[in-house]
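A structural walkthrough
Spelled out from the first residue to the last, the chains are:
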Amino acid sequence: MFRFTALRRWWHAARPRAVPAPRAPGLASVVPPVVTGPSGPLSQGPFNRRVLMLVDVVDQAHHRELAQQLLEERGWPVRRAAAEEQLATAAGDVVLVVEARLYGAERGAVQAAVRHVERLAASNKVGMWVQQAALVRQPHRNQPVYRIHRSPTYGSTRVQRLTSWWVRNGFPKLEGMLSVPGRAMSATAEAALATRTLGDERYSPGTHVIRVPLGGRGVTRFPDETARRHKTVEQSVLFGLAALALLVAGMAAYAAPPPWKALTLLPVFGLAGPLGSVIVPEPPAPLRRPRSRVWAYGLAGSVLISVTGFVVERLAPGPPRQQVVAVAVVVVGGLVGWGVWLALAHSWFSRNASWILPLSLAPAALVLPWFGHLMYTVYLDETFGIPAGSVPMEVGSDYVVALKPVLVAAAFALFFLSAAGWARHFHQLVVTPHLVWLFVPLLTVVYVGTALLVGLQQADSAANRTAAAARAGRDPAPYFGLHGRLMCVKPLAPDIPVWDGPVPTGHAVLTFGGDGDRLWAWDPDRARSFSVRMEDVAVTDPQGQGAACGR
C-alpha cells in the first residue's frame, strides 16, 4: 500500500501542469466583468436545447431551499423572477426563473422540461408548479464571415493568374478571418481592417486578399428558425426525389435495350441544374452563384448517382420489386444506425466505452462457439443420436454455424435500441417513461430469444433434410463443416463389440466421419445410431446405384 501511495504522489508531482499567466496588478479594477451577478452552475452534461420556465414555489424555507437545490443539482440555473417577469401567483409564493438544459430534438423539449420539474416536485414532496415554459432559440442576424489570404506577388503573369484563381477558390493557407454585421461587401471588411490591427501583421490591400466564402457563412436568408427548417426540408425532399430518379435512370441504362439507352441520359443532364442548386450553397447578397459551378457540381453528382444505380443493377439484377426492397432495407438500415447513435451518444455507455468494449469481447468470444456447439448438438444428437464431439469438424465451424442466428438476434437488438434512441432524441424517455422502459426491453428479449430459437429450429430442419436424403439413398448436402456420406460398414470379425447394434451390412449407413478410435453412424432403416471401433470394421463406398452394399 505504501508503494502505490508513493507512486501516485510521484506521478502527481511529475506530470506537467499548465502555469497561469501572471496578471498585471490592478487589472481587475481596470477591466469590468462581462457578466454581473452570481454565476449559475454548469450543466452536468452536454445540451443543445434551452427552456426557460417560471416556477411557482411555496415561499417557505424548507420548500424554497429544497427546490433550488434539486434544480441546481441538475445543472439548471435558478434565480428569482423580476417584477416584470412574474405572472399572477398565489399569496405566500415566490416565482423562480429556471433554465432547463436538455439534449435532443426541439420537438418535445418543453414537455420534457415541465415533466422533469413535476417529477422532482412529486418525488421529493416540494411545493412547486410550472407557470410558463418557452424555448430559447439562437438569434439570427446577417454577419458575413470574410477570409483573408495572402495575394500572389511572385512568378509571371500566367502564374499569378493561376494563383489568383487558387486564392479565389479558398485553397491556400488562411491568414485570418473577420466577421462584420451587415451586407457581404469587401469594402466593409477593408474599412474594418484598416481601423485596427490584430496580431503582428497589419492588413494591406496590396498584400492581402479578402474572400467571401461561397456558402455565405454567418449569413442568414431566413427571418426565423422555422423558415430555415422548412426550406431545409423542402431541399431535402427535392434532393431525394432527384436522387431516386437518377438511380432509376442508372438501373434502366443497364436493363434497357440498346436503342433506349440514350434516353436514360436525359435525366442526367436535365437534373444537373436543380441538383447543383441544392449542392452549391447560395452566397450572401449581392453576390451570385456562378452558373458554370452550379452546373458542374450538379452534373458530377447526377453522374455519380446514375453510375451507382448502374452498378447496383449489374451486381444484383432482378425484378423492380426486389430493387425496391433493397432500397427500403438500406433506408431502414440508415435510420436504425442513426437511432443507435442517438441512443449511445452522450450516455453512460459512451463515457465508459473505453473499458466496456474490450471487456465485452471476452464473453462474446465464449458465447458464440457455445451457441454453435449447441446448434451442432441439435443437428447431430437430437435427430441422429450421434454425439456432437464424436465427429470431425473444421476449424472455426462453431463460430460460422452460430453467426447467422446471432447476427439476426443482434439486428433485432439494434433495431429496438434505435427505437429507444429515437425516443430519447424526442424526449419520450421523460414524457412517457413507463411505455418506453416497459415495451422496449420486453420486445428486445422476445425478438432476440425468438431469433436464437429460430436458429436452433433451422438446425433441426437441416437435420431432417439430411435424414430424408439418406433414406432416399443420396448423399446429403453439407452443413457448416459437417459432410455426411452414405458408406458401407463391414465387420472384420464375426463377433465385434457394437454400441446399439447390430451393424447393417446390406445397405449403406450415414456417417459424418470418425474422430478418434470410434465411428458413429446412423442406420436409415432403423432410424437409430450405432458405434463401433475403427479397427473392427472396414468402411467402403456403396456399390452401383443407390445405397446397396455387397455382403
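A brief look at the structure comes next. Source: prediction; values computed, not measured.

What follows deals with the overall build of the protein chain. Helix and strand counts for the protein chain come out as 17 helices and 13 strands. For the protein chain, the proportion of its 551 residues judged to be buried stands at 32%. Taking the intrachain contacts of the protein chain between residues at least 6 apart in sequence as the baseline, contacts between residues at least 24 apart amount to 73%. When the accessible surface of the protein chain is totalled, it reaches about 34,600 Å², and 63% of it is carbon and sulfur.

With that out of the way, let us pick up the packing of helix 14 (residues 353–384) against helix 15 (residues 397–425). Look at helix 14 against helix 15: their axes get within 7 Å of each other, and the N-to-C directions meet at 90°. Classified by the angle their axes make, helix 14 and helix 15 are roughly perpendicular. For the pair helix 14 and helix 15, contact is made by A365, L368, P369, F371, G372, H373, M375 and Y376 and by S397, D398, Y399, V401, A402, L403, P405 and V406, respectively. The residue makeup of the contact of helix 14 with helix 15, split by class, is 12 nonpolar, 3 polar and 1 charged.

What follows is about the side chain of T466. Mapped onto the elements, T466 comes out in helix 17 (residues 433–471). For T466, a relative accessible area of 4% puts it in the buried group. For T466, the contacting residues outside a window of four places in its chain are Y379, F384, P476, L510 and F512.

Bringing the pattern of salt bridges into the picture now. Under the definition given, this model contains 9 salt bridges. The salt bridge involving E99 is made with R50; its shortest N-O contact spans 2.8 Å. Placement of the pair is E99 in strand 3 (residues 93–102) and R50 in strand 1 (residues 49–58), with a sequence separation of 49 residues. A relative accessible area of 34% places R50 in the partly exposed class. E535 is the salt-bridge partner of R533, the closest N and O atoms lying 3.7 Å from each other. In this structure, a network of salt bridges that share partners links the residues R49, E106 and R137.

We now examine the nonpolar core. Counting 29 residues, the largest nonpolar core has Y379, L380, F384, I386, Y479, L482 and F512 as the members making the most contacts within it. Sorting elements by how many residues they give to this core places helix 14 first, with 8 residues. Within the second largest apolar cluster, 25 residues are counted, among which are L96, A109, A112 and V431.

This paragraph deals with the sheet that holds strand 7 (residues 208–211). With respect to topology, 3 strands assemble into an open sheet ordered 6-5-7, the strand pairing being antiparallel. What marks the edges here is a single partner per strand, and that holds for strand 6 (176–179) and strand 7. Each adjacent strand pair in this sheet contributes to an overall mean axis angle of 25°, direction not counted. Two elements, strand 5 (residues 145–150) and strand 6, share 4 bridges in a ladder whose sense is antiparallel. Its bridge partner being in strand 6, Y146 is matched across the sheet by L178.

The backbone of H427 shows a phi angle near 65°, a positive value even though the residue is not glycine. If you trace the backbone, H427 turns up in the loop between helix 15 and helix 16 (428–431). Positive phi, close to 50°, is recorded for F480, a residue that is not glycine. Among the structural elements, F480 can be located in the loop between helix 17 and strand 8 (485–491). Taking the relative accessible area as the measure of exposure, F480 reaches 39% and is therefore partly exposed.

With that out of the way, let us pick up the environment of A133. Tracing the backbone through its elements, the reader meets A133 in strand 4 (residues 128–136). Along the backbone, A133 and V110 are 23 residues apart, and their C-alpha atoms lie at a distance of 6.6 Å. Leaving out residues up to four positions away in the same chain, A133 has contacts with V51, L52, M53, V110 and V114.

One can describe the packing of helix 10 (residues 272–279) onto helix 11 (residues 291–315) by two numbers: an axis separation of 7 Å at closest approach and a directional angle of 105°. In terms of axis orientation, helix 10 runs roughly perpendicular to helix 11. Contacts from A272, G273, L275, G276, S277 and I279 of helix 10 reach helix 11 at V294, W295, Y297, G298, L299, G301, S302 and I305.

Quick look at the sheet that holds strand 9 (residues 498–499) now. The strand order across the open sheet formed by 6 strands is 9-12-11-10-8-13, and the pairing between neighbours is antiparallel. The open sheet has two free edges, formed respectively by strand 9 and strand 13 (537–540), since each of these has just one partner strand. Here strand 11 (residues 518–523) runs beside strand 12 (residues 528–533); their pairing, made up of 6 bridges, is antiparallel. Counterpart to R518 in the pairing with strand 12 is R533. The strands touched by helix 17 within the sheet are strand 8, strand 10 (509–511) and strand 11, with strand 11 carrying the most contacts at an inclination of about 80°.

The next point concerns the packing of aromatic side chains. Within this structure, the stated rule accounts for 14 aromatic pairs. Members of the aromatic cluster, joined through ring pairs, are Y376, Y379, F384, Y479, F480, F512 and W522.

Counted at 1.5 Å a residue, the expected span for helix 12 (residues 320–344) with its 25 residues is 36 Å, and the 36 Å between its end C-alpha atoms agrees. Three or more residues of helix 12 are buried, namely Q323, V336, G339, V340, L342 and A343. A positive backbone phi angle near 55° is found at H346, which sits one or two residues after helix 12.

A few words now on the pairing of strand 3. Strand 3 sits mainly inside the fold: 10 of its 10 residues count as buried. Side chains D93, V95, V97, E99 and R101 of strand 3 all project onto a buried face; the interleaved residues V94, L96, V98, A100 and L102 project onto the opposite face, where all are buried too. Pairing of strand 2 (residues 78–80) with strand 3, which is carried by 3 bridges, proceeds in the antiparallel orientation. Bridge pairing in strand 3 links R79 to V97.

On the surface, L435, L438, F439, L442, L443, V446 and Y447 cluster together into a nonpolar patch covering about 630 Å² of accessible area. Here F439 lies in helix 17.

Okay, the environment of P524 next. Tracing the chain through its elements places P524 in the loop between strand 11 and strand 12. Through-space distance from the C-alpha of P524 to that of A469 is 9.6 Å; in sequence the pair is 55 residues apart. Setting aside its immediate chain neighbours within four residues, P524 contacts A470, R471, H507, A508 and V509.

Conventions and cut-offs
Residues numbered from 1 in each chain as written. Predicted model: local features only at pLDDT ≥ 70, side-chain atom pairs only at ≥ 80, totals over all residues. Heavy atoms only, no water. Helix = DSSP H or I, 4+ residues; strand = E, 2+ residues; numbered from the N terminus. Buried < 20%, exposed > 50% of the residue type's maximum accessible area, 1.4 Å probe, protein only. Contact = heavy atoms within 4.5 Å. Areas by Shrake-Rupley, 256 points an atom, 1.4 Å probe, with all protein chains shown as cover. Axes fitted to C-alpha atoms, helices over the stretch in contact; angles between N-to-C directions. Parallel < 35°, antiparallel > 145°, perpendicular 65-115°, else oblique. Nonpolar A, V, L, I, M, F, W, Y, C, P; charged D, E, K, R; others polar. Salt bridge = Lys/Arg side-chain N within 4 Å of Asp/Glu carboxyl O. Core = buried A, V, L, I, M, F, W, Y, C linked by side-chain atoms within 4.5 Å. Pairing = 2+ DSSP bridges. Phe/Tyr/Trp six-rings, centres within 6.5 Å; stacked < 30°, edge-to-face > 60°. Expected span 1.5 Å × (residues − 1). Patch = residues over 30% accessible without salt bridge, like charges linked within 9 Å, V, L, I, M, F, W, Y side chains within 5 Å.

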